[in-house]
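One letter stands for each residue in the lines below.
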Amino acid sequence: LSSCVMMAMMLVCIWGTRSSIATLAGSSQTAKKFNLTRVYTDLYQALENHSFRALFFSTLVFYIFAGTHGALSMHLKTFFWQLDTTGIQYWQYGAILGGVFGLPMVPYLNRWVDKKWTVIIGCTGAAIANTTPVLLQMAGMMPTDQSVLVPILVVLSTLSTFSAIQAGVTVASMMGDIADEHELTHGTRQEGIYFGSYNFSAKCTTALGNLVAGFTLDLISFPVNSKPGFVREEVLFNFGAMYSSVALITIFSTWIFWAYSLDKKKHDQIMLALQQRNRGEQEAATKWDESGVSEQPA
């Protein structure tokens, strides 16, 4: 059912945006014949951009954290918090609400604090909302009554997704900004290389997160075929410690991302330079049509 819904939504998106294809930046660019060598040449050219390197490697590291937490989430809900199916259901509702309310806030936050800080705030906020209740539980400071515990976890789940959506959408927007910078430097659009390499790294590192999660469960000797309420307190404490310590990865991710320098001011300058260059090329083309003589733009 989920697959059918996803497929239907993707088809609606494709059909609804098809009229915009002709107006996309680079739509008039002459297509080059595909060859495998050019793929790696284009990738190397993209990695020469220091802002892309910072964004690429920082998100790569962050997705290891996200993938590990995602793989351990069902163990967290079922064994650590010992939630029933209703509690887990409300937890998921909170995550959906966080996405629904978080998405419209992205452009406002980008304008208030710029895209770089939106990503930093979003990643940090998601990590804090994910790990704080676990740390408090380890310290014996969380309620045990499910009627009180579940609403708290639902609110934190909402905040976590709300924060994560700020970072996720903004990173995609940053890829577009980097493509603009690439066009100014090299004269061609390369969204495919930037978005393709980013999505590939996200999938690989999410898979790596699953591997790390498996090693984590083996390391703390989490019992196989366990039942909620029958796992030793020592094992649950170690699980909470390992789950929380993974959040330290976000510190390393933020440190790498600090090198990103394509802020709004610099991007505005890039767009102005592109507009001036395109205007010059159009004027040159017009003069050619009128006189039949090629003239270089100023």
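Each chain carries its own residue numbering, running from 1 in the direction its sequence is written. At least 70 in pLDDT is required for a residue's local features to be given in this predicted model, at least 80 for side-chain atom pairs to be given and counted, and no such filter applies to totals for whole chains, interfaces and linings, which use all residues. Note that water and hydrogens are dropped before the side-chain values are worked out from all heavy atoms of the structure.

### Examining the overall build of the protein chain
Thinking step 1. For the protein chain, the helix and strand inventory stands at ten helices and zero strands.
Thinking step 2. Element order for the protein chain, N to C, with α for helix and β for strand: α-α-α-α-α-α-α-α-α-α.
Thinking step 3. Judged by the C-alpha coordinates and their principal axes, the protein chain covers about 85 × 35 × 35 Å.
Thinking step 4. Intrachain contacts of the protein chain at a sequence separation of at least 6 include 78% that bridge at least 24 residues. A run of H or I in DSSP becomes a helix once it reaches four residues, and a run of E becomes a strand once it reaches two; helices and strands are each numbered from the N terminus. The contact criterion used is simple: two residues touch if any of their non-hydrogen atoms lie within 4.5 Å.

### What to know about the packing of helix α3 (residues 50-80) against helix α8 (residues 233-245)
Thinking step 1. Working convention: axes come from line fits to C-alpha atoms, limited for helices to the stretch in contact. Angles between N-to-C directions cover 0 to 180 degrees. Two numbers describe how α3 lies on α8: the axes approach to 11 Å, and their chain directions differ by 150 degrees. Here α8 runs roughly antiparallel to α3, going by the angle between their axes. When you trace α3 past α8, the crossing you get is left-handed. Along its contact with α3, which presents H69, L72, H75, L76, F79 and F80, the element α8 presents L236, F239, G240 and Y243.
Thinking step 2. Of the residues in the contact of α3 with α8, the class split is seven nonpolar, three polar and no charged. Any angle between 65 and 115 degrees counts as roughly perpendicular, while under 35 counts as roughly parallel, over 145 as roughly antiparallel, and the rest as oblique. Each helix crossing is assigned a hand: it is left-handed if the near helix lies turned anticlockwise from the far helix by less than a right angle, otherwise right-handed if that turn is clockwise. Polarity classes work like this: nonpolar for Ala, Val, Leu, Ile, Met, Phe, Trp, Tyr, Cys and Pro, charged for Asp, Glu, Lys and Arg, and polar for all others, with Gly in that last group.

### Digging into the confidence of the model for the protein chain
Thinking step 1. pLDDT gives the predictor's per-residue confidence on a scale running from 0 to 100. Averaged over all residues, the pLDDT of the protein chain is 88; the fraction at 70 or higher stands at 93%.
Thinking step 2. The lowest-confidence element of the protein chain is helix α10 (residues 264-291), averaging 79 in pLDDT; the highest-confidence one is helix α1 (residues 2-17), averaging 96.
Thinking step 3. Considering only residues more than four positions removed or in separate chains, one finds that residues 293-298, a stretch of pLDDT under 50, has eight contacts.

### Structural notes on the packing of aromatic side chains
Thinking step 1. The criterion for an aromatic pair is that two Phe, Tyr or Trp rings (for Trp, the six-membered ring) have centres within 6.5 Å, with stacked assigned to planes under 30 degrees apart, edge-to-face to planes over 60 apart and tilted to the rest. Applying the stated criterion across every chain, the model contains 16 aromatic pairs.
Thinking step 2. Measuring from ring centre to ring centre gives 5.1 Å for F80 and W81, while their planes differ by 90 degrees; the resulting arrangement is edge-to-face. As far as burial versus exposure is concerned, F80 and W81 are alike and both buried.
Thinking step 3. In this analysis the charged atom, NZ for Lys or CZ for Arg, is taken to sit over a ring once it is within 6 Å of the ring centre and within 35 degrees of the ring normal. Over the aromatic face of W15 sits the side chain of R18, whose NZ or CZ is 3.7 Å from the ring centroid. Residue burial is assigned from relative accessible area. The probe radius is 1.4 Å, only protein chains are included, and a residue is buried under 20% of its type maximum, exposed over 50%, and partly exposed in between.

### Considering helix α6 (residues 146-186)
Thinking step 1. By this rule the span expected of a helix is its residue count minus one, scaled by 1.5 Å. Between its first and last C-alpha, α6 extends 58 Å over 41 residues, near the 60 Å set by a 1.5 Å rise per residue.
Thinking step 2. Following α6 by one or two positions, G187 has its phi on the positive side, about 85 degrees.

### A short note on the side chain of T68
Thinking step 1. Examined against the element boundaries, T68 turns out to sit in helix α3.
Thinking step 2. For T68, a relative accessible area of 0% puts it in the buried group.
Thinking step 3. If we ignore the near neighbours within four places in the chain, the residues touching T68 are G209, V212, A213 and V246.

### Observations regarding the layout of surface pockets
Thinking step 1. Cavities and pockets were defined on a 1 Å grid built over protein atoms only: a cavity is a set of grid points that admits a 1.4 Å probe from which the probe cannot escape, a pocket is an open set flanked by protein on both sides within 12 Å along at least five of seven lines, and lining residues are those with an atom within 4 Å of any such point. Grid points are joined across faces, edges and corners, and a volume is the space filled by probe spheres set on the points. Taken as a whole, the largest pocket holds about 780 Å³ of empty space.
Thinking step 2. If you go around the largest pocket, you meet 39 residues; those closest to its centre are A66, A126, N130, S160 and A164.
Thinking step 3. Counting only elements with at least two residues in the lining of the largest pocket, the list comes to α3, α4 (85-102), α5 (106-138), α6 and α9 (249-257).
Thinking step 4. Here the element with the most residues in the lining of the largest pocket is α3; it accounts for twelve residues.
Thinking step 5. Broken down by class, the residue content of the lining of the largest pocket amounts to 23 nonpolar, 15 polar and one charged.

### Quick word on the nonpolar core
Thinking step 1. Think of a nonpolar core as a cluster: buried Ala, Val, Leu, Ile, Met, Phe, Trp, Tyr and Cys residues, connected wherever their side-chain atoms sit within 4.5 Å. Counting residues in hydrophobic clusters, the biggest one holds 27 residues, and the most contacted among them are F52, L55, V119, I178, Y194, F257 and Y260.
Thinking step 2. Residue assignment for this core shows that the elements contributing at least two residues are α3, α5, α6, α7 (191-219) and α10.
Thinking step 3. Setting aside chain neighbours within four positions, we find F257 in contact with A54, L55, S58, K116, V119, I120 and M174.
Thinking step 4. Membership of the second largest hydrophobic core comes to 23 residues, among which are V134, I220, F222 and F239.

### Thoughts on the packing of α3 against α9
Thinking step 1. At a minimum axis separation of 8 Å, α3 and α9 run at an interaxial angle of 175 degrees. Classified by the interaxial angle, the pair formed by α3 and α9 is roughly antiparallel. Between α3 and α9, the residues in contact are A54, L55, F57, S58, V61, F62, I64 and F65 and I249, T250, F252, S253, I256 and F257, respectively.
Thinking step 2. Counted by class, the contact of α3 with α9 contains eleven nonpolar, three polar and no charged residues.

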